[in-house]
Amino acid sequence: MGKEPALLFQRESRLCTPSLYRRVFESPSKRFQTRSFRLLCLENELNHPRLGVVVSKKSSPLAVRRNMVKRVVRDSFRRYSLRLGKIDVVVIAKEGSMKFSKPDFTDWKEDIKKQLRQEIETLWQKLMSS
RNA sequence: UUAGCUAGCCAGACAGUCGCUGUGCAACAAUUUGUUUUGUUGCAGGGAGGAAAGUCCGGGCUCCGCAGGGCAAGGUGCCAGGUAACACCUGGGCGGUAUGCCAAUGGCAUAUUGACGGAAAGUGCAACAGAAAGAUACCGCUGUUCUUUGAGCAGUAAGGGUGAAAUGGUGCGGUAAGAGCGCACCGCGCGGCUGGUAACAGACGCGGCAAGGCAAACCCCGCCUGGAGCAAGACCAAAUAGGAACUCAUACUCAGCGCACUAGGCGAAGAGUCUUGGCUGCCCGCCAUUGGAGUUCGGGUAGGUUGCUUGAGGUGAUCGGUGACGAUCAUCCUAGAGGAAUGACUGUCCACGACAGAACCCGGCUUAUCGGCUAGCUUUCUUU
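Calculation criteria
- Residues numbered from 1 in each chain as written.
- Chains lettered and ligands numbered in written order.
- Predicted model: local features only at pLDDT ≥ 70, side-chain atom pairs only at ≥ 80, totals over all residues.
- Heavy atoms only, no water.
- Core = buried A, V, L, I, M, F, W, Y, C linked by side-chain atoms within 4.5 Å.
- Buried < 20%, exposed > 50% of the residue type's maximum accessible area, 1.4 Å probe, protein only.
- Helix = DSSP H or I, 4+ residues; strand = E, 2+ residues; numbered from the N terminus.
- Contact = heavy atoms within 4.5 Å.
- Polar contact = N/O pair within 3.5 Å; in protein donor to acceptor, adjacent residues only side chain to side chain.
- Pairing = 2+ DSSP bridges.
- Salt bridge = Lys/Arg side-chain N within 4 Å of Asp/Glu carboxyl O.
- Axes fitted to C-alpha atoms, helices over the stretch in contact; angles between N-to-C directions.

**Student:** I'm lost on the nonpolar core in this one. Help?
**Tutor:** Grouped burial of nonpolar side chains is what soluble globular proteins tend to show. With 24 residues, the main nonpolar core has Phe 37, Val 89, Val 91 and Trp 124 as its most contacted residues. Looking at this core, the elements with two or more residues in it are β2 (37-43), β3 (50-54), α2 (63-84), β4 (87-93) and α3 (108-129). Ranked by residue count, the leading element in this core is α2, at 7 residues. Not counting chain neighbours up to four residues away, the residues in contact with Val 89 comprise Leu 15, Leu 39, Leu 40, Cys 41, Arg 50, Leu 51, Gly 52, Trp 124 and Leu 127. Counting 7 residues, the second largest nonpolar core, distinct from the first, contains Leu 15, Val 24, Leu 40 and Ile 92.

See below:
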């Protein structure tokens, strides 16, 4: 199992400046969406993918929840980064992404995380198959 | 051992794998004349909170403004202390509430609570009820007039009734009936005295007592306050456009002049054209014009660096103080990101894990919060 190449997520794998985000927003080559996320992407001239995450205060007012969404997306991207190719990706959390009804059972937070992770993985699958 | 209150502490634990971000060390590579600097890899070690939150107060820090004073605006309001400062904290005073005790119309103790200056400067407000809410007679009581039941007039705030609130309270005297009308005690106001740093308290003397409440209604009085905030501010600075200085080169057309002459050559000056700028945005007109290339300089955008964590700092001891807190000594360094790190997965265990994520830094307040631990006090039951 431990023979995989290192799945890193360093500074060069992120969209760090507003201009890079604007580039993707203004002319995305592909769009996908699920219940909680919207995904825009555009080919870049590097030999690795780059990720940007947008989680607005509208999508969830608490900073803790926003951090949680970002971490899920980022970690999933890290696992898929070698398979994605030369592309800039922006993932936007939609407004209802955290509005799950609070269930009775105790580990409902874990459940939300699992659901978000499944959604983001289906997005990667769509992106690779297209 | 049961329940509660107050104060303080913790914020699932352990192991493994992968990942992110600072720090230290080492190696390698690039870079620099060089000290270095940058990158990669490895190892070690650090990496959210008690509220990080709300942004409600108070400061530090930064830039801008500022002779001094006043007005306005905002804040604040018993006294003293603590503090860098505060609306916070500590201690005290006074008032309210609750409980308990006692020698009981009261006093004392404990707990709790109060934006707690001014209502005889002015304005305003008070639903419903009630006669009347700021000036008043509904019932009643008393006197008197009229022809009697009754009505009018006058006096009266003791009684009834209404209300959150009705013009000091109780008793005795007094009176036509009443009323601080008079007296005693209590309350209130004034005066000096005593105690206290003061708020205030005490006893004494004087005054019959001023027409009630609300100032978190306006307001008056005292005191305080310059503005904006780390997206503050400082530094480096690509490309593009524009600015300034300097250097080199010196557009086109025209006719004439001088030199030279086989010449379409050379030189100086003039007129015009186009370019650019200014005169009002445009046109005309007028004025200026060296119009191409290069170098340097300054401002400055993207971007980068910094501010950025050693501080009114923590811990311990001793001393001072009723206490908040202070002084001295010793010791420790404990996140520093920035499209924003502190996470993911697996396993084991248990009480099955709440509220919630640093963003320049501190001191408070307020709000959210599953549980657990440790003291002190009160309390239930059991045992001796």
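There is more to say after this.
**Student:** Would you mind showing me how to read the side chain of Asp 88 here?
**Tutor:** Inspection of the secondary structure puts Asp 88 in strand β4. At 3.0 Å, the side chain of Asp 88 and the side chain of Arg 50 are in polar contact. Those residues in contact with Asp 88 that sit more than four places away from it in its chain are Leu 15, Arg 23, Val 24, Leu 40, Cys 41, Leu 42, Asn 44 and Arg 50.

**Student:** So what exactly am I meant to see when it comes to the pairing of strand β1 (residues 30-33) here?
**Tutor:** Moving residue by residue along a regular strand, the side chains alternate between the two faces of the sheet. The sheet contact formed by β1 and β2 spans 4 bridges and is antiparallel. When the sheet's bridge partners are listed, Arg 31 is paired in β2 with Leu 40. What sits between the antiparallel neighbours β1 and β2 is a turn of 3 residues.

**Student:** Would you take a moment to explain the environment of Ser 81 for this structure?
**Tutor:** Along the chain, Ser 81 turns up in helix α2. Among the residues examined, Ser 81 registers a relative accessible area of 12% and is labelled buried. Each C-alpha atom, one on Ser 81 and one on Val 91, is 14 Å from the other, the two residues being 10 residues apart in sequence.

**Student:** Explain the pattern of salt bridges to me, please; I cannot follow it from the model alone.
**Tutor:** Think of it this way: side chains of opposite charge can pair up when their charged atoms draw near. Under the counting rule described, the total for this entry stands at 3 salt bridges. For Asp 88, the salt bridge identified is with Arg 50, shortest N-O distance 3.0 Å. Of this pair, Asp 88 sits in strand β4 while Arg 50 sits in strand β3, and the two are 38 residues apart along the sequence. Side by side, Asp 88 and Arg 50 carry an identical accessibility label, which is buried.

**Student:** Mind showing me how you'd approach the sheet that holds β2 here?
**Tutor:** Strand pairing in a sheet relies on backbone hydrogen bonds. The paired strands run either parallel or antiparallel. Across the sheet, 4 strands lie side by side as β1-β2-β4-β3; this open sheet has mixed pairing. In the strand order of this sheet, the two ends are held by β1 and β3, each with one partner. Adjacent strand axes in the sheet meet at a mean angle of 15° when their direction is disregarded. Against the sheet, α2 touches β2, β3 and β4, its axis set at about 160° to β3.

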